[in-house]
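A look at the structure
Now for the letters of each chain:
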Amino acid sequence: MKIIYTDALVIGAGLAGLRVAIACKERGLDTLVLSLIPAKRSHSAAAQGGMQASLGNALKGSGDNEDVHFHDTVKGSDWGCDQNVARMFAHTAPKAVRELANWGVPWTRVKAGPRQVVVNAEKVTLEEAEKAHGLINARDFGGTKKWRTCYTADGTGHSLLYAVDNKAISLGVPVVERVEALALIQDGVRCQGAIVRDLVTGEIQAYVAKTTTIATGGYGRLYSVSTNAIICEGIGAALALDTGKATLGNMEAVQFHPTAIVPVGILTTEGCRGDGGLLRDKDGHRFMPDYEPEKKELASRDVVSRRMTEHMRKGKGVDSPYGPHLWLDITLLGKEHIDKNLREVKEICQDFLGIDPAKDWIPVRPTQHYSMGGVRTNERGESPQLKGLFAVGEAACWDMHGFNRLGGNSLAETVVAGMIVGEYVADFCEQNPLAIDTGLIESQASKLTSEIDTLLANLGGENVYQLKTAMQEIMMDYVGIFRNGTELEKAVSELSQLLARSANISLTCKNRHANPELVEALRLPRMLRVALTVAAGALARTESRGAHAREDYPKRDDANWLNRTLASWPDASALKPSLSYEALDVMKMELPPGYRGYGDDNAVAHPDTQARLEQIETLTAKMGEGVDRHVLQQALMPFELPEKFTQKNQRLEEQDA
Ligand SMILES: Cc1cc2nc3c(=O)[nH]c(=O)nc-3n(C[C@H](O)[C@H](O)[C@H](O)COP(=O)(O)OP(=O)(O)OC[C@H]3O[C@@H](n4cnc5c(N)ncnc54)[C@H](O)[C@@H]3O)c2cc1C
């Protein structure tokens, strides 16, 4: 067996993984990235609308800063996030945008003078300041107080991934393509690499490393309809879960995006509504203001998706052979704006629907989109259970999104977490030499080899594709936008049965080398275990928080559920995960739980909330009125960052002050 040694092993060549690799390489470490596909084809390239960072350059961003971004993020998460991480993130995001500009990202820029935009269905003229001319622009996105989403038309992920991958290439970071990590090398205490299958030759290889970073993206393809690329199957989460030690965090927190096209589920970016697009029903009526008079189409994603579903349940959807849908109307933005700022959307509409969005309404429906859950890490991005195992990006539960991610906060997370966690990964490599015996490597590799031998010999008669489709339908039907106990119980029980049946998969193609059926058969039990963490977590959580909406428990229950779900799989032969919970400490929060701004304020309060609010009030009063906001913030909730990212961010307004 080929054994490859390195310092920092990164599994995943999307934005998050590449940015960690760059950090390690820049610190002089031997670094290696693994990927299913060429780096530039990673799912990050699909991101359209933009990334959030509080630059405050454009008129509608004025007054923005880390504090506002932090507040939006915490509220957006329905108080489910780690507030320290949200602070680390909000502080570093402007630096990430500027670094990316430096690496060649052609951000859309502010042009001084008048510009026409659409706000709340009306054309408005904004006068951009001369001093902002040429600086990075931002558009509006859901759930934010300011226009904060920096963008390159609607191809932001594409331009970011190209710039970051080119940077990695220029530094000489090797990316090994068309390989799949299927197990971690670990002894229950420390992780030191991964066992990998070459997807072309079928060869089993061991990559041995001081640190292993999981950056494998989300688990959207557990569902039958998703905006995600077909490689987003959650194998990174399974890598951690199958150690029996590492935990996954908040797996039940799954986001549905309001506007994927029907029937295929390809995304039209939130930028469509950010730029002024409207949602209409079968009568052409703009219905969002009826439900959310303040934020309307730009309420948080989980809220809009629920309102759309409610509206369709009232019979207001447009009938189609593929079920009911609603309309996204961007005609009012005009052809010129669409051609310039929403050109991917235009092409998607032309190629997949045969319509022109400058003239025609787009058929849309909420669709699985983002995984808030993932490999649970601490603030440094490291698994609390396995030393040397890190996770970043959508694969991780770092946890800045809690139960609902804001649009534009994921691209930002990939690069920001890559910057921050990358430094901690490098620190770990410098401080911890490899300590491994080859027996462990051999035994873990032979486990995978015998799994493959068993699969190739199995005559059990189960068809992998049928089982996979059944899993995806269960997830879609019972673990979707609205959830309830009866359906979730059904989901857990049926997924467990599928997991048992997956032991009897037999393959029609017995090749050991390039064999898509074998690839599916290796993935399916892993995906089923991950799916079970989602369904079981959702069943156990008897409250509604962010994207986790229980019809039988409609209130957010801070008294009992202000915590993070941790899922592990200690018994490899079990058919269900083990769940435990990690409490969020209200007394350490900078922003204690409160009203999120949507619907009735009916949350069950946490017993510590009032005491913490009083503490904050006292401390704020004691520090006096003119206190610097950074000083006050540190007093309320100190957070740490690698030193190179601690400087204050500069903004036009603060320069003027
Ligand atoms: C259509 C769409 C549009 C979006 N638009 C936006 C947006 O405008 N703004 C925003 O903030 N967010 C957006 N998002 C979300 C955002 O794009 C993703 O969350 C983010 O890009 C994920 O990046 P990542 O680096 O974590 O993972 P990915 O980019 O998914 O990369 C995962 C990598 O892991 C590799 N990999 C996976 N499994 C294995 C394995 N077992 N072994 C080896 N390699 C493996 C893959 O090959 C790939 O290289 C969008 C998402 C979608 C679906």
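Residues numbered from 1 in each chain as written. Predicted model: local features only at pLDDT ≥ 70, side-chain atom pairs only at ≥ 80, totals over all residues. Heavy atoms only, no water.

To be explicit about the condition: UniProt positions are given in the numbering used here, feature names are shortened, and annotations may be inferred rather than shown by experiment.
The name an unreviewed UniProt entry assigns to the chain is Fumarate reductase flavoprotein subunit, from the organism Paraferrimonas sedimenticola. In the Cofactor (unreviewed entry) part of its UniProt record, the chain is described as follows: "FAD". The annotation that UniProt attaches to the chain under Sequence similarities (unreviewed entry) is "Belongs to the FAD-dependent oxidoreductase 2 family. FRD/SDH subfamily."

**Quick notes on the site of the ligand**
Put simply, the rule reads: Put simply, a residue is near a molecule or strand once any heavy atom of it comes within 4 Å of that molecule or strand. Polar contact criterion, stated in full: a pair of N or O atoms within 3.5 Å, where within protein one must be able to donate a hydrogen and the other to accept it, and residues adjacent in sequence count only if both atoms are side-chain atoms. Segments assigned H or I by DSSP are reported as helices when at least four residues long, segments assigned E as strands when at least two residues long, and all are numbered from the N terminus. By the convention adopted, Pro, Cys, Tyr, Trp, Phe, Met, Ile, Leu, Val and Ala count as nonpolar, Lys, Arg, Asp and Glu as charged, and the other residues, Gly among them, as polar.
Around the ligand there are 39 residues in total, and Ser42, Ser44, Glu394, Ser410 and Leu411 lie nearest to it. In the model, an oxygen atom of the ligand is placed 2.7 Å from a nitrogen or oxygen of the serine 42 side chain. One of the side-chain nitrogen or oxygen atoms of serine 44 is found 2.6 Å away from an oxygen atom of the ligand. At the level of elements, helix H1 (15-26), strand E2 (31-35), strand E8 (179-186), strand E15 (362-371) and helix H11 (409-431) are the ones that each hand at least two residues to the shell around the ligand. Among the elements that take part in the shell around the ligand, H11 stands out by supplying four residues, more than any other. Here the residues of the shell around the ligand are counted per class, giving 17 nonpolar, 19 polar and three charged.

**Some points on the layout of surface pockets**
Where empty space is left can be seen by rolling a probe of water-molecule size over the atoms. Selection criterion: Every definition here rests on a 1 Å grid over the protein atoms only: cavities are sets of points where a 1.4 Å probe fits but cannot get out, pockets are open sets enclosed by protein on both sides within 12 Å along at least five of seven lines, and lining residues have some atom within 4 Å of a point. Grid points are joined across faces, edges and corners, and a volume is the space filled by probe spheres set on the points.
The computed volume of the second largest pocket comes to approximately 820 Å³. Around the second largest pocket, the lining comprises 31 residues; the ones closest to its centre are Asp242, Glu451, Arg526, Arg529 and Ala572. If you list the elements that add at least two residues to the lining of the second largest pocket, you get E8, helix H5 (235-241), helix H12 (438-457), helix H14 (485-501) and helix H15 (516-540). Each residue belonging to the lining of the second largest pocket can be placed in one class, and the counts come to 18 nonpolar, eight polar and five charged.

**Concerning the UniProt feature "domain: FAD-dependent oxidoreductase 2 FAD-binding" (unreviewed entry) in the chain**
UniProt's feature table lists "domain: FAD-dependent oxidoreductase 2 FAD-binding" (unreviewed entry) at residues 7-411, given in the numbering used throughout. Along residues 7-411 one finds 27% helix and 23% strand; the C-alpha atoms at either end are 26 Å apart.

**So, the confidence of the model for the chain**
Let me state the cut-off plainly: Per-residue confidence from the predictor is reported as pLDDT, which spans 0 to 100.
Of the residues in the chain, 100% reach a pLDDT of 70 or more, and the chain-wide mean stands at 96. Reported confidence for the predicted complex is 0.99 by ipTM and 0.97 by pTM.

**Here's the deal with the sheet that holds strand E12 (residues 254-261)**
This is how the line gets drawn: Only strands that DSSP links by at least two bridges are regarded as paired with each other. Geometry is summarised by axes, namely lines fitted to C-alpha atoms with helices restricted to the contacting stretch, and by angles between N-to-C directions that run from 0 to 180 degrees. Note on contacts: a residue pair qualifies if any of its non-hydrogen atoms lie within 4.5 Å across the two residues.
The strand order across the open sheet built from four strands is E12-E15-E14-E13, with neighbouring strands paired in antiparallel fashion. This sheet does not close on itself; its edge strands, each paired only once, are E12 and strand E13 (278-280). Within this sheet the neighbouring strands show an average axis-to-axis angle of 45 degrees, counted without direction. Packing against the sheet, helix H8 (residues 301-316) makes contact with E12, E13, strand E14 (326-329) and E15, and its axis sits at approximately 60 degrees to E12.

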